[in-house]
Amino acid sequence: MVDRTEVIRSCVNPTYSKVFTLDFYFEEVQRLRLELYDVNSSHNGLREADFLGSLECTLGQVSHLEALYQP
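Residues numbered from 1 in each chain as written. Predicted model: local features only at pLDDT ≥ 70, side-chain atom pairs only at ≥ 80, totals over all residues. Heavy atoms only, no water.

A separate point is a nonpolar patch on the surface. A surface patch of nonpolar side chains, about 360 Å² in accessible area, is lined by Ile8, Tyr16, Leu36 and Leu52. Within the fold, Leu36 resides in strand β1 (residues 31–38). (Patch = residues over 30% accessible without salt bridge, like charges linked within 9 Å, V, L, I, M, F, W, Y side chains within 5 Å. Areas by Shrake-Rupley, 256 points an atom, 1.4 Å probe, with all protein chains shown as cover. Salt bridge = Lys/Arg side-chain N within 4 Å of Asp/Glu carboxyl O. Helix = DSSP H or I, 4+ residues; strand = E, 2+ residues; numbered from the N terminus.)

In structure tokens, the structure reads:
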């Protein structure tokens with residue numbers, strides 16, 4: 001695990017402010033796994049959270065998408 005975002009409560013369409021900075025190595029395949037949890041308790045622990053799903057991709061795929069959506 002690299003890091004995690006802040007917990008946003010009681011929102012069906014959250015906007016996160018946490019920014020992740022990762023080193024990109026063009027010659028290497030750098031795999032990412034993003035997991036989404038619904039935290040219902042009064043603390044940030046994932047032990048009691050509901051797992052909603054995950055996404056696996058490479059850092060290159062994310063970097064490519066970011067370049068497509070830059071204004």
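Past the structure itself, the notes keep going.
Summed over the entire model, instances satisfying the criterion amount to one aromatic pair. Ring centres 5.3 Å apart and planes at 65° place the aromatic pair Tyr37 and Phe51 in the edge-to-face group. In this pair, Tyr37 sits in strand β1 while Phe51 sits in strand β2 (residues 50–58), placing the two residues 14 residues apart along the sequence. The class of Tyr37 is partly exposed, set by a relative accessible area of 27%. (Phe/Tyr/Trp six-rings, centres within 6.5 Å; stacked < 30°, edge-to-face > 60°. Buried < 20%, exposed > 50% of the residue type's maximum accessible area, 1.4 Å probe, protein only.)

For the rest of this paragraph, the subject is the environment of Phe20. Secondary-structure assignment places Phe20 in the segment before β1. With 18 residues separating them along the chain, Phe20 and Val2 place their C-alpha atoms 8.7 Å apart. Discounting residues that sit within four places of it in the chain, Phe20 has contacts with Asp3, Arg4 and Thr5. (Contact = heavy atoms within 4.5 Å.)

The values are spatial; any link to function lies outside them.
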